[in-house]
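Spelled out, the chains give:
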Amino acid sequence: MKIWLDGALREHDEARVSVLDHGLTVGDGVFETVKTVEGKAFALTRHLDRLARSARGLGLPEPDLDEVRRACAAVIEANPVALGRLRITYTGGISPLGSDRGDVGQTLVAALGETSRRPDSTAVITVPWTRNERGALTGLKTTSYGENVVALARAHERGASEALFANTVDRLCEGTGSNVFVVLGGEIHTPPVASGCLAGITRALAVEWTGAQETDLPFEVLAEADEIFLTSTLRDIQAVHRVDDRELVPGPVTAKAMRVFDERAADDLDP
């Protein structure tokens, strides 16, 4: 694997970030995960726009998006895979040991690894921890992912691939790395960004292409919904067949949404 680090491609064992990098010491960084298909990045413009928004929200200087595009193109060319996970990471760079940032400059990394297509349906669990819809990092895709690591490990222990959170007022929010949609009476609903969820790229496309409504939903809706599905960069749209101990049959609304998404995504790689 060849990795882009601060302006150049490097072999993976030579691509080293300082132990004093603020992304490592305090999680001061933002990132994007982009799907690549046969050497082409999907929805890259939307991902780069969100990378810049997350950087601004964290107080980092905006990344040079032309350089980020060059980095992405370089690692895609250097690591040919049929289906890939392109990871772009941008951090506060070398800094003092503490929350204060240094003045050396930021760190930019782009790496690409091979992945496989997800199953058409999956199991999820709910967790007792909450998303803070009023937090300083709400809505930002930062490298501070410890909560997600803990919740996802709990999901794996219980035979699931994702864990779903409520927010602090017990409204449905999101998964560790996905957005959640529910079908009620034949209509598709997903929590609004005000719930504290990340404004997912695939979420936005699914809303646009399926006519889903952004709706403030109680967390208990997961026990009543006719159908449930997840969206994320590498899941696209994925049906849910179990929530905790509740079994569901992936239904026609989800099947249509999956079909529409696949067709629209195939027509335009940078929607």
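See the structure above.
This report concerns the structure included in the present document. Everything quoted here is computed from the prediction, not taken from an experiment.

Moving on to a nonpolar patch on the surface. A cluster of nonpolar side chains, contributed by Val 19, Leu 20, Leu 24, Ile 94, Leu 97 and Val 104, occupies part of the molecular surface with about 630 Å² of accessible area. Structurally, Leu 24 can be placed in helix H1 (residues 22–25). Judged by its relative accessible area of 59%, Leu 24 is exposed.

Our next topic: the layout of surface pockets. By volume, the second largest pocket is sized at about 250 Å³. Considering the residues around the second largest pocket, the lining is formed by 15 residues, among which Lys 35, Val 37, Leu 83, Arg 117 and Asp 236 are closest to the centre. Contributions of two or more residues to the lining of the second largest pocket are made by strand S3 (29–37) and helix H6 (252–267). Counting residues per element, the lining of the second largest pocket draws most heavily on H6, at four residues. Counted by class, the lining of the second largest pocket contains eight nonpolar, two polar and five charged residues.

This part is about the sheet that holds strand S5 (residues 83–91). Read across the open sheet, the six strands follow the order S2-S1-S6-S5-S3-S4; overall the sheet is antiparallel. Single-partner strands in this sheet number two, and they are strand S2 (8–11) and strand S4 (40–41). Strand contacts of helix H2 (residues 44–58): S3, S4 and S5, with the helix running at about 175° to S3, the strand carrying the most contacts. Strand contacts of helix H3 (residues 65–78): strand S1 (2–5), S2, S3, S4, S5 and strand S6 (107–114), with the helix running at about 170° to S1, the strand carrying the most contacts.

The rules behind the values
Residues numbered from 1 in each chain as written. Predicted model: local features only at pLDDT ≥ 70, side-chain atom pairs only at ≥ 80, totals over all residues. Heavy atoms only, no water. Patch = residues over 30% accessible without salt bridge, like charges linked within 9 Å, V, L, I, M, F, W, Y side chains within 5 Å. Areas by Shrake-Rupley, 256 points an atom, 1.4 Å probe, with all protein chains shown as cover. Salt bridge = Lys/Arg side-chain N within 4 Å of Asp/Glu carboxyl O. Helix = DSSP H or I, 4+ residues; strand = E, 2+ residues; numbered from the N terminus. Buried < 20%, exposed > 50% of the residue type's maximum accessible area, 1.4 Å probe, protein only. 1 Å grid on protein atoms, 1.4 Å probe; cavity = no way out; pocket = protein on both sides within 12 Å on 5 of 7 lines; lining within 4 Å. Points joined across faces, edges and corners; volume = space filled by probe spheres on them. Nonpolar A, V, L, I, M, F, W, Y, C, P; charged D, E, K, R; others polar. Pairing = 2+ DSSP bridges. Contact = heavy atoms within 4.5 Å. Axes fitted to C-alpha atoms, helices over the stretch in contact; angles between N-to-C directions.

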